[in-house]
Amino acid sequence: MTIANFLLAAAAFVLLMVAIGLARILYGPADVDRILSVQLLGSGGVAVLLLLSVAVKLPPIMDVALMLGLLATFVSVAFLRDTASSTSESATEDR
Amino acid sequence: MRLVLDIITVVLVSAGGFFFLAGTIGLLRFPDTLTRLHALTKVDNLGLGLIVFGLLPQVESRLDALKLTTIWLLVQMSGAIVSQLIAQATRRSGRQT
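Remember, predicted model here, so these are calculated numbers, not experimental data.

About the cut-offs
- Residues numbered from 1 in each chain as written.
- Chains lettered and ligands numbered in written order.
- Predicted model: local features only at pLDDT ≥ 70, side-chain atom pairs only at ≥ 80, totals over all residues.
- Helix = DSSP H or I, 4+ residues; strand = E, 2+ residues; numbered from the N terminus.
- Buried ≥ 20, exposed ≤ 12 C-beta atoms within 10 Å, placed from the backbone.
- Axes fitted to C-alpha atoms, helices over the stretch in contact; angles between N-to-C directions.
- Parallel < 35°, antiparallel > 145°, perpendicular 65-115°, else oblique.
- Left-handed = near helix turned anticlockwise from the far one by under 90°.
- Contact = placed C-beta atoms within 7 Å.
- Nonpolar A, V, L, I, M, F, W, Y, C, P; charged D, E, K, R; others polar.
- pLDDT = per-residue confidence, 0-100.
- Core = buried A, V, L, I, M, F, W, Y, C linked by C-beta atoms within 7 Å.

### Side note on the overall build of chain A
Part 1: The helix and strand tally for chain A stands at 4 helices and 0 strands.
Part 2: Ordering the α and β elements of chain A from the N terminus gives α-α-α-α.
Part 3: Burial analysis of chain A (95 residues in total) assigns 38% to the buried set.

### Brief notes about the packing of helix 1 (residues 2-29) of chain B against helix 2 (residues 33-55) of chain B
Packed helix pairs are characterised by how far apart their axes lie and by the angle those axes make with each other.
Residue and element names in this part refer to chain B.
Part 1: Their axes nearest at 8 Å, the elements helix 1 and helix 2 cross at an angle of 165°. Viewed along their axes, helix 1 and helix 2 adopt a mutual orientation that is roughly antiparallel. Like other packed secondary-structure pairs, helix 1 and helix 2 cross with a definite hand, here left-handed.

### Thoughts on the interface of chain B and chain A
Part 1: Every contact between the two is made by 40 residues of chain B and, on the other side, 38 residues of chain A.
Part 2: Sorting the residues of the side of chain B that touches chain A by element identifies helix 1, helix 2 and helix 3 (62-92) of chain B as the ones contributing at least two each.
Part 3: The element that contributes the greatest number of residues to the side of chain B that touches chain A is helix 3 of chain B, accounting for 14 residues.
Part 4: Here the residues of the side of chain B that touches chain A are counted per class, giving 22 nonpolar, 12 polar and 6 charged.

### Some remarks on the environment of A:G21
Part 1: Here A:G21 shows up in helix 1 (residues 3-21).
Part 2: A sequence separation of 22 residues divides A:G21 from A:S43, and the C-alpha atoms of the two residues are 12 Å apart.
Part 3: When neighbours within four sequence positions are excluded, A:G21 is seen to be in contact with A:S37, A:L40, B:T24, B:L27 and B:L28.

### Observations regarding the confidence of the model for chain B
Note: predicted coordinates in regions of low pLDDT should not be interpreted at a detailed level.
Part 1: Summarising the model, chain B shows a mean pLDDT of 86, and 96% of its residues fall at 70 or more.
Part 2: Here the predicted complex carries an ipTM of 0.86, next to a pTM of 0.85.

### Details of the nonpolar core
Part 1: Core analysis: the largest hydrophobic core is formed by 45 residues, its most contacted members being A:V46, A:L50, A:L51 and B:I51.
Part 2: Where this core is concerned, the elements lending two or more residues are helix 1, helix 3 (31-55) and helix 4 (61-87) of chain A together with helix 1, helix 2 and helix 3 of chain B.
Part 3: Among the elements that take part in this core, helix 3 of chain A stands out by supplying 13 residues, more than any other.
Part 4: Apart from residues no more than four positions distant in its own chain, A:V46 is found in contact with A:A65, A:L68, A:G69, B:L48, B:I71 and B:V75.

### Re unusual backbone geometry
All names here are of chain A.
Part 1: Positive phi, normally seen in glycine, also occurs at K57, with a value near 55°.
Part 2: Mapped onto the fold, K57 is located in the loop between helix 3 and helix 4.
Part 3: Taking the number of C-beta atoms within 10 Å as the measure of exposure, K57 has 12 and is therefore exposed.

### Considerations on the packing of helix 3 of chain A against helix 3 of chain B
Part 1: Where helix 3 of chain A contacts helix 3 of chain B, the axes come no closer than 11 Å and their chain directions differ by 175°. By the angle between their directions, the pair helix 3 of chain A and helix 3 of chain B is classed as roughly antiparallel. Every residue of helix 3 of chain B that contacts helix 3 of chain A at A:V32, A:I35, A:L36, A:Q39, A:S43, A:V46 and A:L50 is listed here: B:L68, B:I71, B:V75, B:G79, B:V82, B:I86, B:A89 and B:T90.
Part 2: Across the contact of helix 3 of chain A with helix 3 of chain B, the residue classes tally to 11 nonpolar, 4 polar and no charged.

Here is the structure:
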């Protein structure tokens, strides 16, 4: 088994784990729990892309991983900004 | 030398994969949001970190190694910030299970 095959197998394993973790989106119960699952998809996707990039010796895939990491951050920040502003309208707490 | 580097890669990437397994189980099995967040941050920090460190011996050019490390640092920073924001949102919306 070459090291490239091992890295591909590791990428498939991480992808499987992320896919199982997505079940949390179904079960919820709060929207925050669903965003946790999306966050797992973000960091797991970065790991899968980096493993693929080294396994097939195609360095540009690292740029894709970089973009995915950046976008996963923005998803969570945008979502949480929305929930924070909607819940603090009734609360008197200042931010 | 090649063999030693390959063994380092296999050990570190396997350890990272184990943390992804642990994080997924934690995300599905833990009882409330804050403990699930705890499981998720373990994946962000240790899982991705170990996989990146395991990949470092395999890249050819130094620029690619630098890029790997930079991507890891970016995900690390965003993970830290997002986990704080999630915890804050959870506390603000009351004790949700």
